[in-house]
Amino acid sequence: MGGCASGETKEDAMKSANSKLIDRSIKMDEQEMSRAAKTTTKILLLGSGESGKSTILKQFKLIYGQGFSDDDVKYYRAAILGNLVLCSKALVQAMDKLKIPYQFNPAAVEARIKDQATAAASSDSNVFLDDQIAILAMEEYNSSSQPQILPAAALMKDAVVFSADTLTQHEVNAIKELWADTGVQYCYRRSNEFQLLDCCGYFMAEINRVTAPNFIPTKQDILQARITTTGVSENMFTIGPGVFYRVFDMGGQRSERRKWAVHFSDCNAIIFLIAISAFDQLCIEDNETNRMAESLTLFSNICNHPMFKHTSMIVFLNKIDLFKVKLKKTLLSKHFPNFKGPNTFDATSEYFAHQITELNKYQESKIVYIYYTWATDTTQIETVFCTVNVILLHSNLASVGLV
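These remarks concern the structure in this document. Source: prediction; values computed, not measured.

Rules used throughout
Residues numbered from 1 in each chain as written. Predicted model: local features only at pLDDT ≥ 70, side-chain atom pairs only at ≥ 80, totals over all residues. Heavy atoms only, no water. Helix = DSSP H or I, 4+ residues; strand = E, 2+ residues; numbered from the N terminus. Polar contact = N/O pair within 3.5 Å; in protein donor to acceptor, adjacent residues only side chain to side chain. Phe/Tyr/Trp six-rings, centres within 6.5 Å; stacked < 30°, edge-to-face > 60°. Buried < 20%, exposed > 50% of the residue type's maximum accessible area, 1.4 Å probe, protein only.

### Notes on the side chain of Thr-229
By the secondary structure assignment, Thr-229 is in the loop between helix H11 (219-224) and strand S2 (232-240). A polar contact is formed between the side chain of Thr-229 and the side chain of Ser-54, at a distance of 2.6 Å.

Next up, the structure:
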């Protein structure tokens, strides 16, 4: 009896082998993608002082971490009261520096010089008005051999800045009296001419609430609170399944920057913050250098460092909320004469974005991603973070040759 062959043909065997090879290749690719996704991404938060790095770290904690602990809340409660005292002292000192008398009312003199400002008939008419008011304030200040000082101002001028659980009612009343003074309000309008915390207006407006005995800081209060960063803090965040960020927040003052270099190795990405609102302010360290110019120089040094030739570089042009307010009364061209466009947000922000892009000497090997941010707005920052996450995931995949 003859047998009947039922085995697979050579062609079938080859197809089966190819199919297994393809399956094995797909599986290896999936494993590589999984490994890339699970790689912990080391991120450095860099930028000059007062650019908003620590606020971005707070947002990381709110969005991807456990939020603020009870100890954090207690810590920031004391810091907020310290911020109020520090702001009050700065305002009192600036009254003498700028030669503004207490109870000086700019509204009362504006009417007398508005006709002159209109006669100027130029885009600089607002600048002319501000300059004339400043001159009149100085004349009134100098007209007295011993300029008047409010008792409240005398108290806060000698106040010791510290973090405490409470302020005395005497101190709270003094701060309120200062903030209500028309001369101090005019001084606050000129805060770009001296060193003042950005959170001043926020906490002064909330003084009754934040000085109450039972005050518990909200998330927004903590985001607004200012504590100078010294040294380096390391924080781990879980962004998604198997996706982890090691975020390093570093002090931005000049004296702190020498501590940065030891953390440069194995860095996967840099989020560099620039306070775009600081275009008309001077650095705390020397009170001479324009803060924006300093930030651009610092960015150039970091972006073009040989160790970061292929490192993902993300720039947050931060504090756009303050920037938009300033543009209504301050010409960018006064501080950056090379700017020739209209004094609008779109034109001025694009001007700085272009400068930042041009500073990148490694344009063939990396892209500088630029975002306009409002660091104290959690909703806006969460949207930006989502985009940044995609960029970093793509970078991780590219590092293992999968894109």
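### As for the packing of aromatic side chains
Applying the stated rule across the entire model yields 20 aromatic pairs. Aromatic side chains Phe-60 and Tyr-64 sit 6.1 Å apart centroid to centroid with 40 degrees between the ring planes, which places their arrangement in the tilted category. Pair noted here: Phe-60 and Tyr-64 are both in helix H2 (residues 53-64), with a separation of four residues, about one helical turn. Judged by relative accessible area, which is 2%, Phe-60 ranks as buried. The exposure class assigned to Tyr-64 is buried, which follows from its relative accessible area of 17%. Pairing Phe-323 with Phe-345 gives two aromatic rings, centres 6.0 Å apart and planes at 65 degrees, and the pair type is edge-to-face. With a gap of 22 residues between them, Phe-323 in helix H13 (residues 320-327) and Phe-345 in helix H14 (residues 345-359) connect regions that are remote in the sequence. The class of Phe-323 is buried, set by a relative accessible area of 0%. Taken together through their ring pairs, the aromatic side chains of Phe-60, Tyr-64, Phe-237, Tyr-245 and Phe-385 make up a single cluster.

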